[in-house]
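Coordinates in review
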Amino acid sequence: KQFGVKLIDEELLERIKKHTKDLHFMLTRRVFFAHRDLDWVIAKYEQKEKFFLYTGRAPSGPVHLGHLMPCLLTKWLQDKFDVELWFQFPDEVKFLFKKELTLKDTEKWTYENMLDVVALGFKKGKTHFLIDTKHASIMYKHAVRVAKRITFSTAKAVFGFTHETNIGAIFYTAMQAVPAFLPSVLKGKNIPCLIPLGLDQDPHFRVARDVLPKLGYYKPAIIHCKFLPALTGQSKMSASNAVTAIYTTDSPEEVERKIMKHAFSGGQPTVEEHRKKGGNPDIDVSFQWLYMMFEPDNKKISEIYHAYKTGAMLTSELKHYLIDKINAFLKKHQKAREKARKIVHKYILEVD
């Protein structure tokens, strides 16, 4: 209500379903729950005007499971609508915002993070990686066009900058806006853009949506997802906290140890009490992870919810069910990640 984000309603889901034949469970379960102009993008598509997808990952460390959530829906959208994806790796941003990081660090993590994205199976030839420092030759000219339209007072109001903020950080949002219209520049015509993202990234694109029409381009449409909670259940997962995050490179033993030791439980203190009173799946992190990401079967998720709530399923059983799901996912992902080393270069946009 405060920022004009609209909830995704049943009518909009039905419009999407007409083109996709089915709906991703992250949509029906409202993991992706809000939008800006998603209905407009679908209307354009219905008028035979294809959109492109844009999302990204700021490299500063290993990829955790929460980072993959927007990517999974992005891949589904690419497959269903057969559209191009522009994936930005802003390798300068974490360097600018984190004192301890060097550009050598972010270069290393850019490569490692790219492997995780390729491993998800995005289409070669229709997926283009933009690395800010590598592709500055084609991005910077357009970033300054954006930057000229953003005042320092706007940047301060939106991002909370102070007089101590370095000027690179202040400029960065202009670079993040570029992929939202770069395909339109390269093709010489306006192309609608749809950005799947976590809600915390919305401020950058509120600014971009204000600026781009002044440059003659469409406002980018946005679809927002919730955060996968940290294992402790207190906040979104953070890559810098190895205790509360599960990384894509974790071993089966590490996954089991982290979940068994740290996953916040909605169960009762004792087995007897749990059997009698039941647990609370609505606050249980293991159930939330299954619901949001790892159990797409609606019948199964309903059975688990009921079994846990009535006490028929114990917390340890719920945790082991999640462990098996994650480890099955990571076994496949890690194999694909190793294979990605041979083909990752094919995804990086070629610079003339």
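Residues numbered from 1 in each chain as written. Predicted model: local features only at pLDDT ≥ 70, side-chain atom pairs only at ≥ 80, totals over all residues. Heavy atoms only, no water.

**Remarks on the nonpolar core**
The test is simple: Side-chain atoms within 4.5 Å are what join buried Ala, Val, Leu, Ile, Met, Phe, Trp, Tyr and Cys residues into a set we call a nonpolar core. Only protein chains enter the accessibility calculation, which uses a 1.4 Å probe; a residue is then buried when its area is under 20% of its type maximum, exposed when over 50%, and partly exposed in between. We count a stretch as a helix when DSSP gives it H or I for four or more residues in a row; a strand needs E for two or more, and each element gets its number in order from the N terminus.
Counting residues in each nonpolar core, the largest one holds 67 residues, and the members touching the most others are Leu 65, Phe 129, Ile 246, Ile 259, Trp 289 and Ile 326. Ranked by residue count, the leading element in this core is helix H4 (residues 65-81), at eight residues. Membership of the second largest hydrophobic core comes to 31 residues, among which are Ile 150, Ala 177, Leu 182 and Tyr 217.

**Structural notes on the packing of aromatic side chains**
Put simply, the rule is: Stacked, tilted and edge-to-face pairs are distinguished by plane angle, under 30 degrees for stacked and over 60 for edge-to-face with tilted covering the rest, among Phe, Tyr and Trp rings (Trp via its six-membered ring) whose centres lie within 6.5 Å. Geometrically, a lysine NZ or arginine CZ counts as sitting over a ring once it is within 6 Å of the ring centre and also within 35 degrees of the ring normal.
Going through the model one piece at a time under the given rule, you end up with 16 aromatic pairs. Among the aromatic side chains, those forming a connected cluster through ring pairs are Phe 87, Phe 89, Phe 129 and Tyr 347. Above the ring of Tyr 291, the side-chain terminus of Arg 29 is found at 5.1 Å from the ring centroid. Its guanidinium or amino end placed over the ring of Phe 33, Lys 226 lies 5.8 Å from that ring's centre, counting from NZ or CZ.

**Some details on helix H3 (residues 38-46)**
Here is the rule: Throughout, the arc means the angular range of directions from the helix axis out to the C-beta atoms. By definition, residues are in contact when any of their heavy atoms lie within 4.5 Å.
Considered for burial, the residues of H3 that qualify are Leu 38, Val 41, Ile 42, Lys 44 and Tyr 45. The buried side chains of H3 occupy one side of the element, clustering within an arc of 160 degrees when seen end-on. Structurally, H3 contributes buried residues whose contacts are with helix H1 (10-20), strand E2 (32-36), H4, strand E6 (193-198) and strand E7 (221-225). Looking at the residues trailing H3, positive phi occurs at Lys 48, about 70 degrees.

**Some thoughts on unusual backbone geometry**
The phi dihedral of Asp 37 is positive, around 65 degrees, even though this residue is not glycine. Considering the arrangement of structural elements, one finds Asp 37 in the loop between E2 and H3. What makes Asp 37 partly exposed here is its relative accessible area of 25%. Notably, Lys 48 is not glycine yet its phi reads approximately 70 degrees, a positive angle. Exposure remark for Lys 48: the relative accessible area of 79% places this residue in the exposed category.

**Quick word on the sheet that holds E2**
Across a sheet, paired strands are connected by hydrogen bonds in the backbone, their directions being either parallel or antiparallel. Which entries qualify depends on this criterion: By this definition, two strands are paired if DSSP reports at least two bridges between them. Axis lines are fitted through C-alpha atoms, for helices just across the contact stretch, and the angle between N-to-C directions can take any value from 0 to 180 degrees.
The sheet built from seven strands is open, its strands ordered E1-E2-E7-E6-E3-E4-E5 with mixed pairing. Unpaired on one side and paired on the other, strand E1 (6-7) and strand E5 (127-131) mark the two borders of the sheet. Pairing analysis gives four bridges linking E2 to E7, with the strands arranged antiparallel. Each bridged residue has a counterpart across the sheet, and for Phe 32 the counterpart in E7 is Cys 225. Those strands touched by helix H11 (residues 202-211) are E2, strand E3 (52-56), E6 and E7, and its axis lies near 170 degrees from that of E7.

**Section: the side chain of Asp 284**
This is how the line gets drawn: Any N or O atom pair separated by 3.5 Å or less is treated as a polar contact, with the protein-specific requirement of one donor-capable and one acceptor-capable atom, and with residues adjacent in sequence counted only for side-chain atom pairs.
As for its position among the elements, Asp 284 is in the loop between helix H13 (271-277) and helix H14 (285-294). In terms of polar contacts, Asp 284 uses its side chain to reach the backbone amide nitrogen of Gly 266, at 2.8 Å. There is a polar contact of 2.8 Å between the side chain of Asp 284 and the side chain of Tyr 308. Not counting residues up to four positions away in its chain, the partners in contact with Asp 284 are Phe 264, Ser 265, Gly 266, Gly 267, Tyr 308 and Leu 318.

**Looking at the pairing of E5**
A large share of E5 lies buried, amounting to five of its five residues. What you see with E5 is no split at all: Thr 127, Phe 129 and Ile 131 on one side and His 128 and Leu 130 on the other are buried throughout.

**Topic: a positive patch on the surface**
Note the cut-off: Patch definition: residues with relative accessible area over 30% and no salt bridge; like charges joined within 9 Å; nonpolar side chains (Val, Leu, Ile, Met, Phe, Trp, Tyr) joined within 5 Å. All accessibility values rest on the Shrake-Rupley procedure with a 1.4 Å probe; residue burial counts only the protein chains present in the view. What makes a salt bridge here is a side-chain nitrogen of Lys or Arg within 4 Å of a carboxyl oxygen of Asp or Glu, nothing more. When charges are counted, Lys and Arg are positive and Asp and Glu negative, with His and the chain ends excluded. Charge positions are represented by NZ for Lys, CZ for Arg, CG for Asp and CD for Glu.
Together, Lys 331, Lys 335, Lys 339 and Lys 342 make up a positively charged patch on the protein surface. Assignment of secondary structure puts Lys 331 in helix H16 (residues 315-340). Its relative accessible area of 56% is what places Lys 331 among the exposed residues.

**Side note on the environment of Glu 11**
By the secondary structure assignment, Glu 11 is in helix H1. Using a relative accessible area of 60% as the deciding quantity, one classes Glu 11 as exposed. Separated by 181 residues in sequence, Glu 11 and Pro 192 place their C-alpha atoms 21 Å apart.

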